[in-house]
Amino acid sequence: MLNLVIFGAPGSGKGTQSEHLTNRYGLFHISTGEVLRDHISRGTELGKIADSYISKGNLIPDELMLKVLEKTLDENPEATANGVIFDGFPRTIPQAEALGEMMKRRGTRIHSVVGLEVPEEELIKRLIHRGKESGRADDNPDTIKTRLDVYHQQTAPLRKYYTDRNTYHAVEGSGDVAKIFNDISKHIDTLDHAD
Ligand code: AMP
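Notes on the structure in this doc start here. Fair warning: this is a prediction, and the values are worked out from it, not measured in the lab.

1. Description of the sheet that holds strand β1 (residues 4-7)
Thought 1: Strand order in this open sheet of five strands is β2-β3-β1-β4-β5, and the pairing throughout is parallel. What marks the edges here is a single partner per strand, and that holds for β2 (28-31) and β5 (168-172). Direction aside, the axes of adjacent strands within the sheet are offset by 20 degrees on average.
Thought 2: As defined by bridge partners, strand β4 (residues 112-117) adjoins β5 across five bridges and the pair is classed as parallel. The residue of β5 that forms the bridge with Val 114 is His 169.

Below, the structure is given as structure tokens:
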């Protein structure tokens, strides 16, 4: 079992690196943003609620997000058997605490939180560029600013939370995608993940 959190600000490359990691380590990729966007595109009740937060750049309330995450895990017992990459989750301290409990109940733990560290100016450039390419509604200048503020206030404290628990591993997230992936893989290959 190998459970990883890929951590970082919006635009830090979590999705790109998660895809590479999924392929190399046979893990199940859960992007909470993707799960929510899928609900929005299908027009579900959850999608309607999620859209009211996402379109403003705010976080979905913890309680709701936790239900969505637990459901995703419950619905994919076989695919998650080797382990999971959590991408975009946790984003708050209560989410991190709940994730720890959830892993414990499943007889496992989070083996590492890989933090992609990218300077703020580069994040903004990447998000504006992505908005043009992908058409993601929340990649526009106003919402980008809110999302980065929300990240600093609510999510960045998780760096200390996991550092205090000896679970945080920083990776330089600027530059060549293959090199960043190589740095992450080298770290993962040192992890003890028998449990
Ligand atoms: P992402 O694709 O990870 O950038 O997520 C897009 C948006 O989905 C975020 O700006 C939030 O509004 C929402 N979202 C995704 N993951 C979470 C989470 N763990 N907690 C709360 N909101 C989330």
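2. Here's the deal with the environment of Gly 100
Thought 1: By the secondary structure assignment, Gly 100 is in helix α5 (residues 93-105).
Thought 2: Along the chain, Gly 100 and Ile 110 lie 10 residues apart, while their C-alpha atoms are 7.1 Å from each other.

3. A word on the site of the ligand
Thought 1: By nearness alone, 16 residues border the ligand, and Thr 32, Arg 37, Asn 58, Gly 88 and Arg 91 come closest of all.
Thought 2: Separating a nitrogen atom of the ligand from a backbone N or O atom of Gly 88 is a distance of 2.9 Å.
Thought 3: Taken by itself the ligand offers 480 Å² of open surface, and the protein chains cover 96% of this.
Thought 4: Per-element tally for the shell around the ligand: the top contributor is helix α2 (residues 32-42), with four residues.
Thought 5: Residues belonging to the shell around the ligand are distributed by class as follows: six nonpolar, five polar and five charged.

4. Comments concerning α2
Thought 1: Along α2, the residues that are buried comprise Thr 32, Gly 33, Leu 36 and His 39. The arc that holds every buried residue of α2, seen down its axis, measures 125 degrees, which confines them to one face. Exposed side of α2, more than 90 degrees from the buried face: Ser 41 and Arg 42 are the residues found there.
Thought 2: Following α2 by one or two positions, Gly 43 has its phi on the positive side, about 70 degrees.

Thresholds, definitions, all that
Residues numbered from 1 in each chain as written. Predicted model: local features only at pLDDT ≥ 70, side-chain atom pairs only at ≥ 80, totals over all residues. Heavy atoms only, no water. Pairing = 2+ DSSP bridges. Helix = DSSP H or I, 4+ residues; strand = E, 2+ residues; numbered from the N terminus. Axes fitted to C-alpha atoms, helices over the stretch in contact; angles between N-to-C directions. Near = heavy atom within 4 Å. Polar contact = N/O pair within 3.5 Å; in protein donor to acceptor, adjacent residues only side chain to side chain. Areas by Shrake-Rupley, 256 points an atom, 1.4 Å probe, with all protein chains shown as cover. Nonpolar A, V, L, I, M, F, W, Y, C, P; charged D, E, K, R; others polar. Buried < 20%, exposed > 50% of the residue type's maximum accessible area, 1.4 Å probe, protein only. Arc of directions from axis to C-beta.

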